[in-house]
Amino acid sequence: MSTQERKKRLELLQGTLDLLILRTLLLGPAHGHQVARAIEVNSDDVLQVEQGSLYPALHRLIKRGWISAEKGVSENNRRAMFYRLTPKGRRQLVAETGKWDRFSQAIARILRPARQESKS
Amino acid sequence: MKWRRKRMLEALDEEIRAHIEREMQQNIERGMKPEQARRAAMLKFGNVALAREDTRAVWTILWLEELWQDVRYAARQLRRNPAFAFAAIVALAVGIGANAANFSIFDAIVWHAIPVRDFGRLVLINGWRKKTRSWTGVSYADYLDWQSHARSFEGLAALRYRQFDRTGEGPAGMVAAVAITPDFYQVLGARPFLGRSFSSGESRPGRGHVALLSYRYWQSEFAGDPHAVGRTIELDHAAYTIVGVMPRAIEYPHTDICVPLALSPAERADRSAHNLTVLGLLKPGVSMAQAQAELRTLAAGLAKSFPESNRGLSVLLRSLRVYINGNLSYYWGLMFAVALGLVLLIACANVTNLQLARGTSRRREIAVRASLGATRRRVVRQLMVESILTALLGAAGGLLLAVIWIHLAAAGMPRAVAQLISGWNRIRLSPLALAFTMSIAVAAGIVSGILPALYASKPDLIGTLKEGGRTQTPGRAHRWLQGALVVAQMAMALVLLVGTGLLVDGFQDMLARQKQFAPSSVLLFHVALPKARYNQSDERAAFYEQALQKLRAIPGARFVSAFTTFPMSNGGGVGRDFQVAGNNQRSLKSLPWADAQSISPGFFAMMHVPLVAGRDFTSADSAASLPVAIVSRNLARRYWPQGGAIGSQIRLVRSGKPGRWLTVVGVVGTVLWDWTDQTPENAIFRPLQQAPPSDSFFAIRSSAGPISLAPSVRQVVATIDPDLPVTGDMERHPETLRQAIHDSMGGIGLIAGFMSALGLIAFGLAATGVYSVMAYSVAERRHEIGVRMSLGASSASVLGLLLRRGARLLGIGLALGLPLAYGLARVLARLIVGVKATDPIAFGSAAVVLAAAALLASYVPARQAARVDPVQTLRFE
């Protein structure tokens, strides 16, 4: 059990980009470049995604059935792949966001022990 | 799944390019120069190749991971439904096992009859006389010319069949020998088991007194002595030094020993001595037809240069594979392959039906999975993995059955027959057979699973979920599919049952025919006269006269006779051309052919062959009297359709040289010598005293246990000639005619046995198939039946309703199966005597048995349903 939990936590860390992609697609279908730009802009350019690493992540999400891809025509009339959140992906986003919140709270407690109630 | 991966990756390159261009465009809009904008965009994207590679890796790993998931899920499903798993695995195990066993047998006796590397490229080359369309030998000089000019071969070697008398030390007897050129075994691709083969020096005249033993001869005559190499063996009064022993599995050429072909310069130059057979190894990629065309061109050239000896002489190539076990084993193999394919298909249909039935109850599970985001393709793949896993488990069981099957086949074949089938002793589950088994298992998994998978995954989510799996009334397509499967099963089972019936009938017929010879009261033995002491025909005639006289004197011997071959021995007499006087057969080159035999008076009476006209031979037909002959009825009908055979003249022609005219004194009933021969051959019999052969069978009929006469027989022969070998082990295994015939019929007995097993399997599978479908369709209509009955339908009318469907499917199945079965019957009729393509019993009984089983299989579940209390059924619903 504990190994599995540790694995989940690691996955969560690795899966940060996945989470951000899902969050971005919640607003509507987008092509790869739009996703990259959105992540940069929404995080006030704090999170600099190496754009190349976006694609393995996108395909991983397709494989898991969290997003789907379809061919379409972009704003300037060029053919592009559009990525769309699936219902399964939406549920995943909710679950992962919850986990992320708990995770970041836990980290925060450890990093700022002064605010923690000491009981022992 | 693979397809989707490919589609996704195909778009990737273009997508990355577009991505970078968009970034560049934005950079330009921010005021960068094009070149700068491009560099910044590339920098931001990072390593393109790495991104591409990582993306690919995502698919590969996930694909495998998912496959593993599917396998585990499938295993869980099978564990959860042990009844289904068991039924499916057993059906497939039987189907796959039978196929694996047959493949192994076919592999051993056809594809690898001799275990040499390039077996498929070895050919036998003989001369071919265009005019008479008959084959002949090759002269040494022609062989040398081919060797230096033909480009199609990696090597050419020559052999010549010979016969020696063994003299000196050891038991006397005839020794079958083959004289070979020194490169013979090199061309064949075999190495001696012990010692060496011949050197080129040993093919010079006077230096060829060396010998290679066959493994069999080494075992029987030298007791497998490991020091046999170096010992000598005396043949025709000359000592040969043994230089080696050939391996056990190399059963070609079929001989006791090999000696070098040592010809004098005059013999080497002689183009008129057509007495060699040439063995050739084709170069890779050269076809038989190409090689034959090349040799025919060479032969045409030789015919022009040496018209005296080579005019009209062409070349005939045969593959060694066909030569060794004959065309027959190929056709048998093919017939079994088809029969086994049908068995496997029936098994697959059974599994398909099981899965269809289960698929309906699984639709809820599948609908849940689909609602959780599994695509249809994913669901189909998962179901296919499950079905292939089932088939692989079936294959594991099938291999076990195959081992047993092979064991039975090896043990069931009489030794006398097995010895003649090259490779029979080497039947085993080879790696090739394992690979074959795995492939057919995967194929069976796909075939049996694809329709149910497609059907069960049909996207009808909401309906299924809403209904909550309560009234799982399957659609028309489902019912139609099940019906079609049952029909196909019936048709295939009918074909197999008819085939079984025909073979069993044929075997019975054969057993009945041999009874006319009353063979169990006949003691049979064989004597071969060494040509050193019995070279002259009067010497042989004298031996036979004495032997018959003394054998008749043995107390208890009622009939004694000598003859060339016995009925249904599958061997014949000697094939000879013949000519009928006054029948306008001008050319001696295109004569009809008959089986020539030498018999003693009383042979026909002993074998219960009816004398149709004229008389039998008597002791008065001696070397000094008028040369006479008796012909078979089929020959007499052909040449003297109006009668008048008696008193006519006929003569045998040997290698173009006619013999004496013989006067026909009798006509006898046609005898069947060979069960593979549909039309019994013409036969010409001559008195033993006028044509004494170098070896002969003797038979003694005795009412009181023929075997008990064996010691006296041995004694009698010894008093005439103490050195004469009587069939090797007569002391230990005296043989009755019945045993001998049974041995030669063992082949067909075994085949009939196998076919019966296959027919039984097919029958069982088809019956279960019908039962499961009927039971299922009754279960699914339970509600409807309840309603009908509560509205007043009698249980008889319900029964009729349910039976009608079974009967309809049965009818269609039989209607489709009968023409197919007739096709098979025609093939079988050509293969075995006694099998008639229109045998009403075989067809009738197969149809009746199948119909009875199918109706019973429908009746049992239907009756159950008709008995049910309607109130209960409705409440249950």
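Conventions we followed
- Residues numbered from 1 in each chain as written.
- Chains lettered and ligands numbered in written order.
- Predicted model: local features only at pLDDT ≥ 70, side-chain atom pairs only at ≥ 80, totals over all residues.
- Helix = DSSP H or I, 4+ residues; strand = E, 2+ residues; numbered from the N terminus.
- Buried ≥ 20, exposed ≤ 12 C-beta atoms within 10 Å, placed from the backbone.
- Contact = placed C-beta atoms within 7 Å.
- Core = buried A, V, L, I, M, F, W, Y, C linked by C-beta atoms within 7 Å.
- pLDDT = per-residue confidence, 0-100.
- Axes fitted to C-alpha atoms, helices over the stretch in contact; angles between N-to-C directions.
- Parallel < 35°, antiparallel > 145°, perpendicular 65-115°, else oblique.
- Left-handed = near helix turned anticlockwise from the far one by under 90°.
- Nonpolar A, V, L, I, M, F, W, Y, C, P; charged D, E, K, R; others polar.

### Remarks on the overall build of chain A
- Along its length, chain A carries 5 helices and 2 strands.
- In chain A, the succession of α and β elements from N to C terminus is α-α-α-α-β-β-α.
- Burial analysis of chain A (120 residues in total) assigns 30% to the buried set.
- Considering only contacts in chain A between residues 6 or more positions apart, those separated by 24 or more positions represent 49%.

### With respect to the nonpolar core
All names here are of chain B.
- Counting 168 residues, the largest nonpolar core has A211, V343, M490, A493, L494 and A762 as the members making the most contacts within it.
- Among the elements that make up this core, the one with the highest residue count is helix α11 (residues 320–371) (19 residues).
- Dropping the residues within four chain positions of it, A493 is found in contact with I346, A762, F763, A766 and L850.

### A word on the interface of chain B and chain A
- Contacts between chain B and chain A engage 23 residues on the former and 20 residues on the latter.
- Mapped onto the side of chain B that touches chain A, the elements with two or more residues apiece are α1 (2–29), α2 (34–45) and α3 (48–80) of chain B.
- By residue number, the principal contributor to the side of chain B that touches chain A is α1(B), which donates 9 residues.

### Comments concerning the confidence of the model for chain A
Residue and element names in this part refer to chain A.
- Of the residues in chain A, 76% reach a pLDDT of 70 or more, and the chain-wide mean stands at 76.
- Looking over chain A, one finds the lowest element-wise mean pLDDT in helix α1 (residues 2–14), namely 40, and the highest in helix α4 (residues 54–63), namely 87.
- Taken together, the stretch residues 1–13 has pLDDT below 50 and engages in 3 contacts with residues farther than four places along the chain or on a different chain.

### Describing the environment of T500(B)
Residue and element names in this part refer to chain B.
- Considering the arrangement of structural elements, one finds T500 in helix α16 (residues 476–515).
- Given 24 C-beta atoms within 10 Å, T500 falls into the buried group.
- Filtering out sequence-adjacent residues up to four positions away, T500 remains in contact with M755, S756, L758 and G759.

### Quick look at the packing of helix α5 (residues 140–149) of chain B against helix α9 (residues 288–305) of chain B
All names here are of chain B.
- Across the interface, α5 lies against α9 with an axial gap of 11 Å and an inter-helix angle of 130 degrees. As far as their axial angle goes, α9 and α5 are oblique. Seen along the crossing, α5 lies across α9 with a hand that is right-handed. Where α5 approaches α9, its residues D142, D145, W146 and H149 are matched on the opposing element by L295, L298 and L302.
- Taken together, the residues of the contact of α5 with α9 sort by class into 4 nonpolar, 1 polar and 2 charged.

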